[in-house]
Amino acid sequence: MGEYKIRPYIMTDISEITTFEHDVIIVGAGGAGLRAAIESCHQGLSTGVVCKSLLGKAHTVMAEGGMAAAMGNVDARDNWKIHFRDTMRGGKFLNNWRMAERHAKEAPDRVRELEEWGAVFDRTLSGLISQRNFGGHRYPRLAHVGDRTGLELIRTLQDYAIHQGMKCYMECTALDLLKDGERVSGLVGYFRETGRFVIFKAKAVVFATGGAGKAWQVTSNSWEYTGDGYGMAYEAGADLMDMEFTQFHPTGMVWPPSVRGILVTEGVRGDGGILLNNKGERFMFGYIPPKFAAETADTVEEANRWLAGDKSARRPPELLTRDVVARAINAEVKGGRGSPHGGVFLDIASRVPADVIKKKLPSMYHQFKELAELDITKEPMEVGPTCHYFMGGIRVDPDSQMSTIPGLFACGECSGGMHGANRLGGNSLSDLIVFGRLAGLGAKEYVRSLKNSPRINESQVFSIIKRATSILNREKGTNPYLVHEDLQKVMQDNVGIMRQEEEMKKALIELERIKESVSQVKAEGTSQYNAAWHKALDLRNLLISAEAVTRGALMRQESRGGHARLDYEGERDEWLAYNVVSRKGSDGKMVVEKIKRPEPPEELKKIAYAKIEDLEIGKI
Ligand SMILES: Cc1cc2nc3c(=O)[nH]c(=O)nc-3n(C[C@H](O)[C@H](O)[C@H](O)COP(=O)(O)OP(=O)(O)OC[C@H]3O[C@@H](n4cnc5c(N)ncnc54)[C@H](O)[C@@H]3O)c2cc1C
């Protein structure tokens, strides 16, 4: 008898593959995907949602602090113009103006709508939706449910979406898009449990796949954040934009090592927590940027008055935007003034009564108690920057959310433009519900405009499947877990919170080497229940995301928001521009092009650069 050999898996007939057909397929069941699904159902379209994990287990569920909307429930001076101004200033004026305008104007209605659909928010004494302070927001603006806002958002949206007729395909990973000519015709995916491939035929596809924080070692992101939307869109020929703007949240846990990177919500600072170095100094007073000086308290006494509710006092410097606070912490640690485990101290225990902490920040209390054996009502926390959010993403039209590929839409964290160079806390959850809805509407307009349904191209299906099965079928190759660790180290060491040319050039060389490893990656076993295979499949998208960030960062010779360079300090006017990433040329290389940001209409410009008093009294 000859030697037994496992027969390679070769698909020869497309009818072997289960096909589901919908008008619209949405990839991702976080806040953005579910809100898009609800809108698509409302428009009478057959709607399918594909998600990598179980319904309800998207990243959105982890959101803690709240969603920003200028409802003026806690401070009546708030309005959409001030929210717009805060967002533009936070984004260092690189935001897509139209998106920031729609977001600020529409967020309050989207929050009220959630309430109608069953969301139970925390309340003010007079029974309105309560709103809390957050970094960069002029007034208390974050509608919240304790520190479990994302959970309530997801619970509400998924219940409501199911009742509107959305069909959900859980634990199913999208692999790549299918196209009929230039336009989208669906996608190929696989069910994670059985390893079986599946075709989704659709007239329009909406990506709501979130970011790519898993390209770094220290991150607040979960295993799902592997940049799949970026990778699939890029491979299909769509533009990405401003990928270099990666947000390092100032406060992640730093100790013990097993929990390094897990988020400590900005709500701790919003509710009175302060940052201290190992000398006990409130060091943020030394890091107030000149642009924010007029609106920031410059003495401890004034900051304390603000925390005690004095409306004439200016905001404490701990509530400056995330980019500023993260860099300040980085500088304190580098300057030898850090905490024992390489962070700084976040103290709420000495400032807020224990029962209030437990009521307002229950998850934080339990998180530290269980994971770090620390009682935050008695002791300060140790915190440091953690990779948290992608401001850049798939380039979309600000009104329809359509990408540069006809029929492909994107919303939520996987799309770019709205947040410019830096996102304000709380502006993501409101982004999901505003732009998720617009993507659903955009998909409807597009589907209605089609004269004929797109067709599935069999050879595209086979080549996607071949790419996936070759990981199992090659006799030997690189270990996907080690390749992922390698990639994370390269990004952590060379494209982190402070960047410089030499290191980023080194990263690009290393990424080329890793590209080679990814092309030879091998998972043992079959496609059923195969975690190593899933990991191997994620690598291409992680790599595309990492390369796009690095190339964009190298090209942008300035420091702005989430992108800080040691060799090019400060913002430069000539860089009030987008970095557009695409695959070009016959060799399919990644190209970054600088495109001037469109000029805003005069009215919006006036608001963005206005004096705050003029907006408060309605002069503008
Ligand atoms: C710990 C933490 C706290 C936060 N707190 C706040 C806050 O208080 N306020 C705020 O505004 N923002 C907050 N954020 C940010 C905010 O939660 C996220 O930006 C937002 O939830 C992203 O939503 P999304 O719908 O775009 O993506 P997600 O909620 O992550 O959903 C992505 C979906 O895509 C699916 N998916 C991905 N790839 C594939 C694929 N290939 N095939 C199929 N499915 C796929 C996933 O399974 C998932 O269903 C926080 C983030 C973290 C990590």
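Enquirer: Before we move on, could you go through the nonpolar core and cite the residues and values that matter?
Expert: One finds Ala204, Val205, Val206, Phe207, Ala233 and Leu408 to be the most contacted residues of the largest nonpolar core, which totals 174 residues. Among the elements that line this core, the one with the most residues is helix α15 (residues 531–555), at 12 residues. Those residues in contact with Ala204, other than ones at most four positions away along the chain, are Asp23, Val24, Val184, Gly407, Phe409, Ala443, Tyr446 and Val447.

Enquirer: I'd like a rundown of the domain arrangement of the protein chain, residues and numbers included.
Expert: Domain boundaries assigned for the protein chain yield domain 1 (17–247 + 388–449), domain 2 (251–385) and domain 3 (458–596). Each of domain 1 and domain 2 has a C-alpha centre, and these two points are 28 Å apart. On the side of domain 2, 22 residues touch domain 1, which itself brings 19 residues to the contact. Taken together, the residues of the side of domain 1 that touches domain 2 break down into three nonpolar, 12 polar and four charged.

Enquirer: Now, about the packing of helix α2 (residues 80–90) against helix α3 (residues 97–116): what can you tell me, with residues and values included?
Expert: One way to put it is that α2 packs onto α3 with a least axis distance of 8 Å and a crossing angle of 140°. The orientation of α2 with respect to α3, classified from their angle, is oblique. Crossing handedness for the pair α2 and α3: right-handed. Between α2, through Trp80, His83, Phe84, Thr87 and Met88, and α3, the contact on the second element is made entirely by Ala100, Glu101, His103, Ala104 and Lys105. Partitioned by chemical class, the residues of the contact of α2 with α3 number five nonpolar, three polar and two charged.

Enquirer: Go over the site of the ligand, please, and point to the residues and values.
Expert: Around the ligand sit 42 residues, and of these Gly28, Gly30, His59, Gly210 and Gly412 come closest. Looking at the shell around the ligand, the elements that each hand over two or more residues are α1 (31–42), α4 (149–163), β7 (172–180) and α11 (427–449). Looking at which element gives the most residues to the shell around the ligand, the answer is α11, with four residues. Residue composition of the shell around the ligand, grouped by class: 16 nonpolar, 21 polar and five charged.

Enquirer: An account of the sheet that holds strand β11 (residues 246–253) is needed here, citing residue identities and associated values.
Expert: Taken in spatial order, the four strands line up as β11-β14-β13-β12 in an open sheet, and their pairing is antiparallel. With partners counted over all chains shown, the strands left at the sheet margins are β11 and β12 (274–276), one partner each. Taking the axes of each pair of neighbouring strands and ignoring which way they run, one obtains an average angle of 45° across the sheet. Alignment of β11 against strand β14 (residues 381–390), held across six bridges, turns out to be antiparallel. Of the residues in β14, the one forming a bridge with His249 is Thr386.

Enquirer: Mind laying out helix α14 (residues 501–519), listing which residues take part and the relevant values?
Expert: Counted at 1.5 Å a residue, the expected span for α14 with its 19 residues is 27 Å, and the 27 Å between its end C-alpha atoms agrees. Residues of α14 that are buried include every one of Met504, Ala507, Leu511, Ile514 and Val518, and no others. Viewed end-on, α14 has its buried residues packed into an arc of 70°, placing them on one side of the element. Relative to its buried face, α14 has exposed residues pointing more than 90 degrees away, namely Glu502, Ile509, Glu512, Arg513 and Glu516. Check the buried side of α14 and you find it contacts α13 (480–494) and α15.

Enquirer: Can you break down unusual backbone geometry residue by residue, with the values?
Expert: Each neighbour pair has its own omega, and for Trp255 with Pro256 the value is -5°, a cis peptide bond. Inspection of the secondary structure puts Pro256 in the loop between β11 and α6 (267–270).

Enquirer: An account of α11 is requested, with residue identities and associated values reported.
Expert: Counted at 1.5 Å a residue, the expected span for α11 with its 23 residues is 33 Å, and the 32 Å between its end C-alpha atoms agrees. α11 sits mainly inside the fold: 19 of its 23 residues count as buried.

Enquirer: I'd love a proper account of the sheet that holds strand β3 (residues 67–68), names of residues and values included.
Expert: In spatial order, the strands read β3-β5-β4; together these three strands make up an open sheet with antiparallel pairing. Of all strands in the sheet, those with a lone pairing partner are β3 and β4 (131–132), marking the two edges. Sheet topology note: the β4/strand β5 (residues 142–143) ladder contains two bridges and is antiparallel. Looking across to β5, one finds that Gln131 is bridged to Ala143.

What counts and what doesn't
For every chain, the first residue of its written sequence is number 1, and the numbers climb from 1 along that sequence. Note on the predicted model: pLDDT of at least 70 is required for a residue's local features to be given, and 80 or more for side-chain atom pairs to be given and counted; whole-chain, interface and lining totals, by contrast, use all residues. We define the nonpolar core as any set of buried residues of the types Ala, Val, Leu, Ile, Met, Phe, Trp, Tyr and Cys, connected via C-beta atoms lying within 7 Å of each other. Every C-beta atom is placed from the backbone, and the number of other C-beta atoms within 10 Å of a residue's own sets its class: buried at 20 or more, exposed at 12 or fewer, partly exposed in between. Helix and strand assignments come from DSSP, with helices taken as H or I runs of at least 4 residues and strands as E runs of at least 2, each series counted from the N terminus. Whether two residues are in contact is decided by their C-beta atoms, placed from the backbone, lying within 7 Å. Residue ranges for the domains trace back to a domain assignment, done automatically or taken from a database. Asp, Glu, Lys and Arg are counted as charged, while Ala, Val, Leu, Ile, Met, Phe, Trp, Tyr, Cys and Pro are counted as nonpolar; the rest, among them Gly, fall into the polar class. For helices, the fitted axis covers only the stretch in contact; all axes are lines through C-alpha atoms, and the angles between them, taken along N-to-C directions, range from 0 to 180 degrees. In these notes the angle categories are as follows: under 35 degrees is roughly parallel, over 145 is roughly antiparallel, 65 to 115 is roughly perpendicular, and the rest is oblique. Left-handed describes a crossing whose near helix is turned anticlockwise from the far helix through less than a right angle; right-handed describes the clockwise counterpart. Only the C-beta atom matters for nearness: placed from the backbone, it must lie within 6 Å of the molecule or strand for the residue to count as near. Paired strands, in this sense, are two strands between which DSSP finds at least two bridges. A helix is expected to span 1.5 Å multiplied by its residue count minus one. For this quantity, the arc is that covered by the directions from the helix axis to the C-beta atoms.

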